[in-house]
Amino acid sequence: GYNRAFLMAPALLWFRRNLRLSDNAALLAAAEAGDPIIPVYVVDELDAGGASRWWLHHSLASLDKELRKLGSSLLLLSGRPETLLGELAVRSGAGSLFYARRLEPEARRQEQRVERTLGSELQIAALEDGNLNPPNRPMTKSGTPFRVFTPYWRAASALPEPPRPRRVPEKLSFAEQVMESRQLEELALLPTEPDWAEGLRDTWTPGENGALQRLDDIGSAAMHYADERDRPDRDSTSRLSPHLHFGEVSPRQVWHALNDAAADPATSVGAAALCRQLYWRDFSAYLLFHYPTLPDKPLRGEFEHFPWAEDPDGLRAWQRGRTGYPIVDAGMRQLWTTGWMHNRVRMIVASFLIKDLLLSLIHI
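These numbers come from a predicted model, not from an experiment.

Conventions used here
- Residues numbered from 1 in each chain as written.
- Predicted model: local features only at pLDDT ≥ 70, side-chain atom pairs only at ≥ 80, totals over all residues.
- Heavy atoms only, no water.
- Core = buried A, V, L, I, M, F, W, Y, C linked by side-chain atoms within 4.5 Å.
- Buried < 20%, exposed > 50% of the residue type's maximum accessible area, 1.4 Å probe, protein only.
- Helix = DSSP H or I, 4+ residues; strand = E, 2+ residues; numbered from the N terminus.
- Pairing = 2+ DSSP bridges.
- Axes fitted to C-alpha atoms, helices over the stretch in contact; angles between N-to-C directions.
- Contact = heavy atoms within 4.5 Å.
- Salt bridge = Lys/Arg side-chain N within 4 Å of Asp/Glu carboxyl O.
- Right-handed = clockwise from strand over helix to strand, strands pointing away.
- Parallel < 35°, antiparallel > 145°, perpendicular 65-115°, else oblique.
- Left-handed = near helix turned anticlockwise from the far one by under 90°.
- Nonpolar A, V, L, I, M, F, W, Y, C, P; charged D, E, K, R; others polar.
- Expected span 1.5 Å × (residues − 1).
- Polar contact = N/O pair within 3.5 Å; in protein donor to acceptor, adjacent residues only side chain to side chain.
- Arc of directions from axis to C-beta.

So, about the nonpolar core. Proteins that are soluble and globular tend to have nonpolar side chains buried together. Counting 31 residues, the largest nonpolar core has Phe15, Leu19, Tyr41, Leu60 and Leu74 as its most contacted members. By residue number, the principal contributor to this core is helix α2 (residues 50-69), which donates six residues. If you look at the next biggest cluster of nonpolar residues, it comprises 29 residues, including Leu132, Tyr225, Ala261 and Phe283.

Here is the structure:
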């Protein structure tokens, strides 16, 4: 008889900020559809920032390694997703496209271009996957978006609990690659001279396995989190933020790990406090979804006319950790060295930038 895969149109699985195999909504949906899968990542204009590109390099390498264990590999392309995915669909004879939605305004515009370009050629399944709740939940009683966190959190945490995380499907069928993959090294995601990434290499293990190791240790983070979360000199936070950002672990995995930790009296208070931070993360994405002008305009219109200063020397000193204010400078140097800053220090350095130096993030 014929190999069933030859009789079926492949499914394009477009990885974005969901660089994992476990509890991946787009992968699960593609597997359930039953067509052979072509895993693809497109390095595009949204992949900006030196430290983010360093992380992305290692996360893509990790994802490719895990896919190879399953008999496939990650097809790497670089350019405009709507163009490259279209070319891949034609070459492979694909009939469908699966991906996870992103909520940032630029990413949503990118999705709209992809759907306009490919919607008549492919069946497109765009999955909600990056947050605990879809962006239209919760809403106020009058049907408008929340604008303040505490009432949002009360409403969001009263919603049904997130579904249990799902494992990698046992049966996955992959199609043969029909386009030549870019080599990861040629994408130039890593820094050249000078190599400033030593601190990142010493601090982090990007990729799903690194994320799951952090998640396995979340009980010890929860044990001290409630008492020490405001102490930037203590290593008492989860350090999961970059893993969540790149989707190497799902918020559902983190929520349920914290929910399990809450059953232990030794970690219950800290687990609840950490879980609240997951809702802060959701709230930030929720605001970007409902107020897509936020990257360029303040939420409150009266601040559009705030008399911001111009202070290039002050900005340079802030960026380099040379303001003369020790907590500000320590935070900025930590960020430069490790790519990460303690959350309480983030608030201090951001407040110093806008309230002391009077510099607008929008106009920098």
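Having seen the model, we can carry on.
This paragraph deals with the sheet that holds strand β2 (residues 37-43). In spatial order, the strands read β3-β2-β1-β4-β5; together these five strands make up an open sheet with parallel pairing. Bordering the open sheet on either side are β3 (75-78) and β5 (123-127), each of which pairs with just one other strand. The mean angle between the axes of side-by-side strands here comes to 25°, regardless of whether they run parallel or antiparallel. Judged from the four bridges that link them, β2 and β3 form a sheet pairing that is parallel. Looking at β3, one finds that Tyr41 is bridged to Leu76. Those strands touched by helix α4 (residues 105-118) are β1 (11-15), β4 (96-100) and β5, and its axis lies near 170° from that of β4.

A cis amide bond links Arg137 to the next residue, Pro138, at an omega of -5°. Along the polypeptide, Pro138 turns up in the loop between β5 and α5 (149-157). Here Glu193 and Pro194 are connected by a cis peptide whose omega angle stands at -5°. Phi is positive for Asp23, close to 50°, though the residue is something other than glycine. Its place among the elements puts Asp23 in the loop between β1 and α1 (25-33). One non-glycine residue, Arg239, lies in positive phi territory at about 60°. Note that Arg239 resides in the loop between α8 (218-228) and α9 (241-245).

A few words now on the environment of Thr203. Inspection of the secondary structure assignment puts Thr203 in helix α6 (residues 198-203). A sequence separation of 137 residues divides Thr203 from Trp340, and the C-alpha atoms of the two residues are 9.4 Å apart. Once you skip the residues sitting within four places of it in the chain, Thr203 turns out to touch Arg214, Arg239 and Thr338.

With that out of the way, let us pick up the pattern of salt bridges. Inspection of the entire model under this criterion finds 26 salt bridges. Between Asp64 and Arg68 there is a salt bridge, and its shortest N-O distance comes to 2.7 Å. With a gap of four residues between them, Asp64 and Arg68 both fall in helix α2, about one helical turn apart. Between Asp313 and Arg316 there is a salt bridge, with its nearest N and O atoms 3.2 Å apart. Residue Asp313 and its partner Arg316 are both found in helix α12 (residues 312-320); the two are separated by three residues, about one turn of the helix. Since its relative accessible area comes to 37%, Arg316 is described here as partly exposed.

This part is about the pairing of β5. Pairing geometry for β4 and β5, over five bridges, is parallel. Paired with Tyr99 across the bridge in β5 is Ala126. With respect to chirality, the unit in which β4 leads through α4 into the neighbouring parallel β5 is right-handed.

This part is about the packing of helix α13 (residues 326-338) against helix α14 (residues 343-356). Between α13 and α14, whose axes approach to 9 Å, the crossing angle comes to 110°. On the basis of the axis angle, α13 is roughly perpendicular to α14. Our pair here, α13 against α14, has a crossing hand that is left-handed. Across the interface between the two elements, Ile327, Val328, Gly331 and Met332 of α13 pack against Val345, Ile348, Val349 and Phe352 of α14. Residues belonging to the contact of α13 with α14 are distributed by class as follows: seven nonpolar, one polar and no charged.

What follows covers α2. Helix length check: α2, at 20 residues, gives a terminal C-alpha distance of 29 Å against a target of 28 Å (1.5 Å per residue), a fit within 8%. By the burial criterion, the buried members of α2 are Trp54, Trp55, Leu56, His57, Ser59, Leu60, Ser62, Leu63, Asp64, Glu66 and Leu67. Packing partners of the buried residues in α2 comprise β1, β2, β3, α6, α7 (208-216) and α9. Immediately downstream of α2, the backbone of Gly71 shows phi near 95°, a positive value.

Looking now at the environment of Arg91. Relative to the helices and strands, Arg91 resides in helix α3 (residues 81-92). Separated by 58 residues in sequence, Arg91 and Ala33 have C-alpha atoms that sit 21 Å apart. If we skip the residues at most four places from it in the chain, Arg91 touches Val178 and Met179. At 2.9 Å, the side chain of Arg91 forms a polar contact with the side chain of Glu87.

So, on to α8. Since the α-helix packs 3.6 residues into each turn, any two residues three or four apart lie on the same face. For α8, the full list of buried residues reads Ile218, Ala221, Ala222, Tyr225 and Glu228. The buried residues of α8 occupy one face: seen down the axis, they fall within an arc of 160°. Close packing links the buried residues of α8 with α7, α10 (251-261), α11 (268-290) and α14.

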